[in-house]
Amino acid sequence: MTAHAPIPFNDLRAAFAGRRDELLAAAARVLESGWYILGAEVAAFEAEFAAWCGPVGGSVGCVGVNSGTDALLLALRALQIGPGDEVITVSHTAVATVSAIVLAGATPVLVDIDPASYTMDPAAAAAAITPHTRAIIAVHLYGRPAVLQPLLELAATHKLRLIEDCAQAHGATIDGRPVGTIGDVGCFSFYPTKNLGALGDGGAVISTDAELLQRVRLLREYGWTPAARYVSQVAGMNSRLDELQAALLRVKLTHLAADNEARRALAALYRARLPTELVAPQEAPGTRHVYHLFVVRAAAPAQREQLRAGLAEQEIGTAVHYPVPIHLQPGYAPLVRVAGSLRHTEAAAQTILSLPLYPTLAPAQVERVAAALAALLRAP
Ligand SMILES: *Cc1c(COP(=O)(O)O)cnc(C)c1O
């Protein structure tokens, strides 16, 4: 029994409540406009998000799409990557990263992570390159920028494309450069729990390559151009971001910098308070971590389970991102090629634990989670 209120793993109702009037006004504007697909709101959001991601006065462009999965799929298709091609990525990621490669018709080649950062081990990527390799998808997992410099060098040497999966890292930077603008193309998800979340599905592709973005634009609506609707220039699909989500995202975007700051402050508090037995996430020098998730590491699988159960008893929500690496999932195991040992990936899946962290979480709640973990670790 506990005298405290529960601490949910996430709280999207609180996030809505804090922006209620602005969001309702934006929704009303769209509903009353009579225009619901690819209109002024999507165009404005694309311009605003590109400006937010891009260097000042820069040349970053943005195309809004239906989801983060589609952002990756359309980026791959726009780069003409498909059957017979290999795309290197990690097994320790949201399944969407790998599902996009499969949907494009290419073969996912999965490599290990660096166990300290949970992001791609560049040496493992280098070892996985074959004559069929066309691209690398680096995932900025949990909001921590992946190490891109060695991947950029590999891409240059072997004529590969570097795609950044930024679905968990809106606003993260490397040497001051926003993620998504460093490789050839950046792919974002606006799934409701992401740092920039819609109230439904959404995604975006950003790039400084205007031609690439033009191909994404064609592909997202049946291959049509604005000048010639109903006549497909290429075989496309329907992956439109809708006006309602774009309008809501425009509101959320004005708060993204402050929300990321709130996440960073809570992460710093966790680091100061967590028992030393747990490995806390760190920010690499020269980078900015935006803490989509706050993932700690237990000493052993049994300890992770003990902590999860103990916190659940005190009504503190936790999660595991992700419990089963993709190369071990029944739906994907037959479709992927594993390159090298994935021992760090498999070990992480058994010992990581995601703690509550979101902008509306109170510092006192972080203190309580940390104290609960310390007490559980002291218990026999
Ligand atoms: C959420 C997520 C995606 C996919 O986004 P959807 O909008 O759910 O399709 C892709 N990659 C990563 C790393 C994600 O976390």
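Residues numbered from 1 in each chain as written. Predicted model: local features only at pLDDT ≥ 70, side-chain atom pairs only at ≥ 80, totals over all residues. Heavy atoms only, no water.

Overview of the packing of helix α4 (residues 68-78) against helix α5 (residues 95-103)
Counted only if it meets this: Here an angle of 0 to 180 degrees is reported between the N-to-C directions of two axes, which are lines fitted to C-alpha atoms, with helices fitted over the stretch in contact. Under the DSSP-based scheme used, a helix requires at least four consecutive residues in state H or I and a strand at least two consecutive residues in state E, with every element numbered from the N terminus. Comment on the angle field: the value is read as roughly parallel under 35 degrees, roughly antiparallel over 145, roughly perpendicular from 65 to 115, and oblique elsewhere. For a crossing to be left-handed, the near helix must be turned anticlockwise from the far one by less than a right angle; the clockwise case is right-handed. The contact criterion used throughout is that any non-hydrogen atoms of two residues lie within 4.5 Å. Residue polarity follows a fixed list, in which Ala, Val, Leu, Ile, Met, Phe, Trp, Tyr, Cys and Pro are nonpolar, Asp, Glu, Lys and Arg are charged, and the others, Gly among them, are polar.
Closest axis-to-axis distance for the α4/α5 pair is 8 Å, and the angle between their directions is 40 degrees. If you check the angle between α4 and α5, you find them oblique. Crossing handedness for the pair α4 and α5: right-handed. Residue-level contacts link Thr-69, Leu-72, Leu-73 and Leu-76 of α4 to Ala-96, Thr-97, Ser-99, Ala-100, Ile-101 and Leu-103 of α5. Here the contact of α4 with α5 is built from residues that sort into seven nonpolar, three polar and no charged.

Digging into the pairing of strand β4 (residues 133-139)
Heads up, the condition is: Any residue under 20% of the maximum accessible area for its type is buried, any over 50% is exposed, and the rest in between are partly exposed; the area is computed with a 1.4 Å probe on protein chains only. If DSSP finds at least two bridges between two strands, the strands pair. Here the term right-handed applies to a crossover when the path leading from its first strand over the helix to its second strand runs clockwise, the strands being oriented away from the viewer.
Across the seven residues that make up β4, a large majority, six, are buried. Examined bridge by bridge, strand β2 (residues 86-90) and β4 share three bridges and lie parallel to one another. Directly across from Val-87, in β4, lies its bridge partner Ala-135. Pairing of β4 with strand β5 (residues 161-165) involves five bridges; the strand directions are parallel. Of the residues in β5, the one forming a bridge with Val-139 is Asp-165. Taken together, β4, helix α7 (residues 149-158) and β5 form a β-α-β motif whose crossover is right-handed.

Overview of the layout of surface pockets
What counts is decided by this rule: The method works on a 1 Å grid over the protein atoms by themselves. A cavity is a set of points holding a 1.4 Å probe that cannot get out, a pocket is an open set with protein on both sides within 12 Å along at least five of seven lines, and residues with an atom within 4 Å of a point line them. Grid points are joined across faces, edges and corners, and a volume is the space filled by probe spheres set on the points.
Reported here for the largest pocket is a volume of approximately 820 Å³. In terms of lining residues, the largest pocket is bounded by 46 residues, among which Tyr-191, Pro-192, Thr-193, Lys-194 and His-292 are the most central. Listing elements by their share of the lining of the largest pocket, those giving two or more residues are α1 (12-18), α4, α5, β8 (185-189) and α9 (243-273). For the lining of the largest pocket, the residue count by class is 23 nonpolar, 15 polar and eight charged. Here the second largest pocket defines a volume of roughly 280 Å³. Along the walls of the second largest pocket sit 13 residues, with Leu-38, Arg-220, Glu-221, Pro-226 and Arg-229 positioned nearest its centre.

A few points about the sheet that holds strand β3 (residues 107-111)
Strand order in the open sheet formed by eight strands is β1-β9-β8-β5-β4-β2-β3-β12, with mixed pairing between adjacent strands. Looking along the sheet, the strands with just one partner apiece sit at the ends: β1 (61-65) and β12 (337-338). With three bridges joining them, β5 and β8 adopt parallel strand pairing. Note on β8: the bridge partner recorded for Glu-164 is Gly-186. Against the sheet, helix α3 (residues 40-53) engages β1, β8 and β9 (203-207), with an angle of about 130 degrees to β1.

Notes on the state of the cysteines
Going by this rule: By convention in this document, the label disulfide applies to cysteine sulfur atom pairs within 2.5 Å.
Under the counting rule described, the total for this entry stands at zero disulfides. The thiol of Cys-62 is unpaired, and the distance to the nearest cysteine sulfur, on Cys-53, comes to 7.1 Å. Cys-166 provides the cysteine sulfur closest to Cys-187, a residue in no disulfide bond, and the two sulfurs are 7.1 Å apart.

A short note on the sheet that holds strand β10 (residues 287-288)
Taken in spatial order, the three strands of this open sheet run β7-β6-β10, and their pairing is antiparallel. Two strands in the sheet have a free side with no partner beyond their single neighbour: β7 (177-178) and β10.

A closer look at the nonpolar core
We count it as follows: Buried Ala, Val, Leu, Ile, Met, Phe, Trp, Tyr and Cys residues that are joined via side-chain atoms within 4.5 Å together make up what is termed a nonpolar core.
Grouped together as the largest cluster of nonpolar side chains are 81 residues, with contacts concentrated most on Phe-49, Leu-274, Phe-294 and Leu-355. In this structure Leu-274 touches Ala-280, Phe-294, Val-296, Leu-355, Ala-370 and Leu-373, once residues within four positions along its chain are discounted. Within the second largest apolar cluster, 27 residues are counted, among which are Leu-72, Ala-75, Ala-135 and Ile-163.

Focus on the site of the ligand
The condition is simple: Any residue with a heavy atom positioned within 4 Å of a molecule or strand is treated as near that molecule or strand. In protein, a polar contact requires one atom able to donate a hydrogen and another able to accept it; more generally it is a pair of N or O atoms within 3.5 Å, and residues adjacent in sequence count only if both atoms are side-chain atoms. Note that accessible areas follow from Shrake-Rupley with a 1.4 Å probe, and for residues the cover is restricted to the protein chains shown.
Near the ligand lie 13 residues; those nearest to it are Gly-68, Thr-69, Asp-165, Ser-189 and Lys-194. One nitrogen or oxygen atom from the side chain of Thr-69 is found 2.5 Å from an oxygen atom belonging to the ligand. Burial of the ligand by the protein chains amounts to 89% of its free accessible area of 380 Å². Mapped by element, the contributors of at least two residues to the shell around the ligand are α4 and α5.

Section: the confidence of the model for the protein chain
The cut-off we apply is this: The predictor attaches a confidence to each residue, and that confidence, scored 0 to 100, is pLDDT.
For the protein chain, mean pLDDT is 96; residues scoring 70 or higher make up 98% of the total. Of all helices and strands in the protein chain, the one with the weakest mean pLDDT is β7 (94), whereas β2 scores best (99).

Side note on empty space enclosed by the protein
A full pass over the atoms with the stated rule returns one cavity of 30 Å³ or more. Here the largest cavity defines a volume of roughly 70 Å³. Lining of the largest cavity is provided by Ala-116, Ser-117, Tyr-118, Leu-141, Tyr-142, Arg-144, Pro-281, Gln-282, His-289, Leu-293, Phe-294 and Val-295. Looking at side-chain class alone, the lining of the largest cavity contains eight nonpolar, three polar and one charged residues.

Observations regarding the side chain of Glu-221
Assignment of secondary structure puts Glu-221 in the loop between α8 (210-220) and α9. On the basis of relative accessibility, which here comes to 11%, the residue Glu-221 falls in the buried class. Ignoring sequence-local partners within four residues, the contact set of Glu-221 consists of Leu-38, Arg-229, Met-237 and Arg-240.

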